[in-house]
Amino acid sequence: ELLMTYFYNEKSTEFCIVEWYPSTICNFNCPYCYSKKLYKLFVSTKDKNINILKKLNEANKKVHIKLMGGEPLHINGVVDLLKKVKEEYTNLRVTVFTNGSNSRVIDQIEFCERITFVFSYHCLETDPEVYFKNIDILKSRGFELSVLIMRVPDKLDTLKKTVVELRNRSLHYE
């Protein structure tokens, strides 16, 4: 029911990396998306998500969670989950992989040095105005950000404009 992959040396007593997919739901419809092709659609509950974070925090090691999806900023109670990481779950570090489209949620996220963001840029779906506004909001709060550009061959002119915007904001991109 829940998709989670562990990437670590099980003998390590210091840390582990968890790739977590609490939902496969996304507001974009990218033709190249792995999530829609590989997984059935599901959404975990807020209580189940908080319980998972609690258990990961109680591990006897530091845990780096890669919060994936679908679109993780559309999962149930994501603002509360990130707030728990900030206030209670100090063994956790979270990198949120997002398409950057959910302004309502981004407006509510409070700074925490253990939370970082990777914005994916999908030129077939992304509204550049909303995308860069949301990047600017999180950057102004002090969050560490980077960008993954989904390359589409017939949209290279659009991508060139995007790269200029990213450089103007001194953001790392791939």
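Residues numbered from 1 in each chain as written. Predicted model: local features only at pLDDT ≥ 70, side-chain atom pairs only at ≥ 80, totals over all residues. Heavy atoms only, no water.

### Remarks on the packing of helix 2 (residues 46-57) against helix 3 (residues 78-87)
Turning to step 1, where the next piece is worked out: Between helix 2 and helix 3, whose axes approach to 10 Å, the crossing angle comes to 20°. Considering their axes alone, helix 2 and helix 3 lie roughly parallel with respect to each other. Considering only the axes of helix 2 and helix 3, their crossing is right-handed. Listed contacts from helix 3 to Lys46, Asn49, Ile50 and Leu53 of helix 2 are Asp80, Leu81, Lys84 and Val85.
Turning to step 2, where the next piece is worked out: In the contact of helix 2 with helix 3, the residues fall into 4 nonpolar, 1 polar and 3 charged. (Axes fitted to C-alpha atoms, helices over the stretch in contact; angles between N-to-C directions. Helix = DSSP H or I, 4+ residues; strand = E, 2+ residues; numbered from the N terminus. Parallel < 35°, antiparallel > 145°, perpendicular 65-115°, else oblique. Left-handed = near helix turned anticlockwise from the far one by under 90°. Contact = heavy atoms within 4.5 Å. Nonpolar A, V, L, I, M, F, W, Y, C, P; charged D, E, K, R; others polar.)

### Section: the layout of surface pockets
Turning to step 1, where the next piece is worked out: Taken as a whole, the largest pocket spans an internal volume of roughly 370 Å³.
Turning to step 2, where the next piece is worked out: Looking at the largest pocket, it is lined by 22 residues, and the ones nearest its centre are Tyr34, Gly69, Gly70, Ser120 and His122.
Turning to step 3, where the next piece is worked out: Put simply, the parts of the chain that give the lining of the largest pocket at least two residues each are helix 1 (34-38), strand 4 (92-98), strand 5 (115-122) and strand 6 (144-150).
Turning to step 4, where the next piece is worked out: Taken together, the residues that form the lining of the largest pocket break down as 12 nonpolar, 8 polar and 2 charged. (1 Å grid on protein atoms, 1.4 Å probe; cavity = no way out; pocket = protein on both sides within 12 Å on 5 of 7 lines; lining within 4 Å. Points joined across faces, edges and corners; volume = space filled by probe spheres on them.)

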